[in-house]
Amino acid sequence: MPGSREPAAGEVQVRNLWMSVDPYMRGRMDTNDSYVEPFKIGVALEGGAIGEVVSSNDPGFSPGDLVRSYRGWREGFNASGSELEKLEHLHFPPEAYLGATGMPGLTAYIGLTRIAKLRKDDVVFVTGAAGAVGSTAVQIAKACGHRVIGSAGGAEKIALLRKLGCDEVIDYKAEPDFEAALCRVAPQGIDVCFDNIGAEQLDAALAVARPHARFALCGAIYMYDMAPTRGPGNIWRAVDMQITLRGFICTDHLDLVPEFLSKMAEWYAADKIKLLDTVFEGIEYAPAAFLGLFEGRNTGKMLVRSDERCTKPSPSGWRLRRDRSTTGAPASPSSP
Ligand code: NDP
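Draft legend 1. Region of interest: the pattern of salt bridges. Going through the model one piece at a time under the given rule, you end up with 20 salt bridges. Across the salt bridge formed by Glu88 and Lys86, the nearest N and O atoms sit 4.0 Å from each other.

Draft legend 2. Highlighting the pairing of strand 10 (residues 209-217). Where strand 9 (residues 190-195) and strand 10 come together, five bridges link them in parallel fashion. Following the sheet pairing, Ile190 is matched in strand 10 by Ala209. At this point the chain moves from strand 9, through helix 5 (residues 199-208), to the parallel strand 10, and the crossover so formed is right-handed. Here strand 10 pairs with strand 11 (residues 244-247) via four bridges, running parallel. Its bridge partner being in strand 11, Arg214 is matched across the sheet by Thr244.

Draft legend 3. Quick look at the site of the ligand. With respect to spatial proximity, 26 residues lie near the ligand, and among them Lys157, Tyr172, Tyr224, Cys250 and Asn298 are the closest. Between the ligand and the protein, one listed contact pairs an oxygen atom with a side-chain N or O atom of Lys157 at 2.5 Å. A distance of 2.7 Å is found between an oxygen atom of the ligand and a side-chain nitrogen or oxygen belonging to Tyr224. Mapped onto the shell around the ligand, the elements with two or more residues apiece are helix 1 (103-115) and helix 2 (132-143). Looking at the shell around the ligand residue by residue, the classes come out as 17 nonpolar, eight polar and one charged.

Draft legend 4. Summary view of the environment of Leu98. Looking at the secondary structure, you find Leu98 in the loop between strand 5 (85-86) and helix 1. Overall, the relative accessible area of 5% leaves Leu98 in the buried class. It is 24 Å that separates the C-alpha atoms of Leu98 and Asp30, two residues lying 68 residues apart in sequence. Once residues within four sequence positions are removed from consideration, Leu98 is found in contact with Trp18, Met19, Ser20, Gly48, Ala49, Ile50, Arg68, Pro104, Lys301 and Leu303.

Draft legend 5. Structural context of the environment of Tyr109. One can find Tyr109 in helix 1. Taking the C-alpha atoms as reference, Tyr109 lies 23 Å from Gly153; in sequence the two are 44 residues apart.

Draft legend 6. Focus on the confidence of the model for the protein. In this model, the protein carries a mean pLDDT of 90, and residues with pLDDT of at least 70 account for 91%. Per-element confidence in the protein ranges from a low mean pLDDT of 41 for strand 14 (residues 318-321) to a high of 99 for strand 6 (residues 123-126). This model gives residues 310-336 a pLDDT under 50, and the stretch forms 52 contacts once residues within four places in sequence are excluded.

Draft legend 7. Broad picture of the sheet that holds strand 11. Reading across from one edge, 8-7-6-9-10-11 is the order of the six strands in this open sheet, with parallel pairing throughout. Across the chains shown, the open sheet's two edge strands, defined by having one partner strand only, are strand 8 (168-171) and strand 11. If you compare each strand with its neighbour and ignore which way they point, the axes differ by 15° on average. Sitting on the sheet, helix 3 (residues 155-164) touches strand 7 (147-152) and strand 8, and the angle it makes with strand 8 is about 170°.

Conventions used here
Residues numbered from 1 in each chain as written. Predicted model: local features only at pLDDT ≥ 70, side-chain atom pairs only at ≥ 80, totals over all residues. Heavy atoms only, no water. Salt bridge = Lys/Arg side-chain N within 4 Å of Asp/Glu carboxyl O. Pairing = 2+ DSSP bridges. Helix = DSSP H or I, 4+ residues; strand = E, 2+ residues; numbered from the N terminus. Right-handed = clockwise from strand over helix to strand, strands pointing away. Near = heavy atom within 4 Å. Polar contact = N/O pair within 3.5 Å; in protein donor to acceptor, adjacent residues only side chain to side chain. Nonpolar A, V, L, I, M, F, W, Y, C, P; charged D, E, K, R; others polar. Buried < 20%, exposed > 50% of the residue type's maximum accessible area, 1.4 Å probe, protein only. Contact = heavy atoms within 4.5 Å. pLDDT = per-residue confidence, 0-100. Axes fitted to C-alpha atoms, helices over the stretch in contact; angles between N-to-C directions.

Below, the structure is given as structure tokens:
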């Protein structure tokens, strides 16, 4: 492991196994004001990671412990024990704690329950529905008994959404008029929009929203690589239909973590939640994984597996693994 050294007093030496790859990192590559500070040139990138303790000079950690940290994008590191969260008594495979049962899943739960305040019989529209946050939002809304419409790009993702239980699906890449497509599948309108994308999909959701609809504005990936543009041309619909549009950042709602994990364990045991990920094998493929988010190369959570014990990469450097949760069996920390 490059750069490794014996841990000093209070330090723990960690080898990363799994690294999270996230769209918000794009914002940190600009100097604009945002809720997270820009990355610094010459300093390693950061991001969520699951690692294994190699050696420890902190009595709270032992070799072999699994830890979650914010020190991704590197093979290993030394850190104070206070910067690490020990993962114990796992109900899910370790890498799920970066995906459906980690930050993206929590974001889905917050958006639906606290921001959109799901109510009985709501029709829920999820954009970016095959991604990490979106696929979890779809499954949570279905587990809560709602009618769910999901949008994503491409036939393969649409097939996946059907498998996850979406009642209606829209392949936005195949629809010349997204609003017409949403009207077609939601003739009575929608009550909740969980938006990851923005742009024409958000416009369309406003156009078909029922009175008093609630919009959880989670992301706007369509715009992350563009100069800022004007907002929805039909924003007047928010007045007309008394729609609530509320943006949110998951880190402001961490009080929901225990409730979220408990619900996810219940739904997972009942086979209502599948853990979906796309894995790039080898840290050298991390930039390709990041760019892949903006090219739609992932379903579920985009991950890089950086463990040196992983299998050799395929010639293209990546492989897809989906639907690995079907047994519902708790994972052993020694078998990631
Ligand atoms: P995803 O797993 O959804 O990955 C990105 C997906 O977005 C791609 O696979 C692609 O799917 C779609 N996409 C990319 N570019 C475009 C585009 N130009 N137009 C339409 N679709 C596009 O990422 P996450 O689930 O991690 O994040 C989803 C959203 O939630 C992001 O906007 C992210 O910034 C936001 N987020 C917000 C948080 C918060 O606290 N508010 C926390 C975490 C994430 P497809 O092939 O279907 O086009």
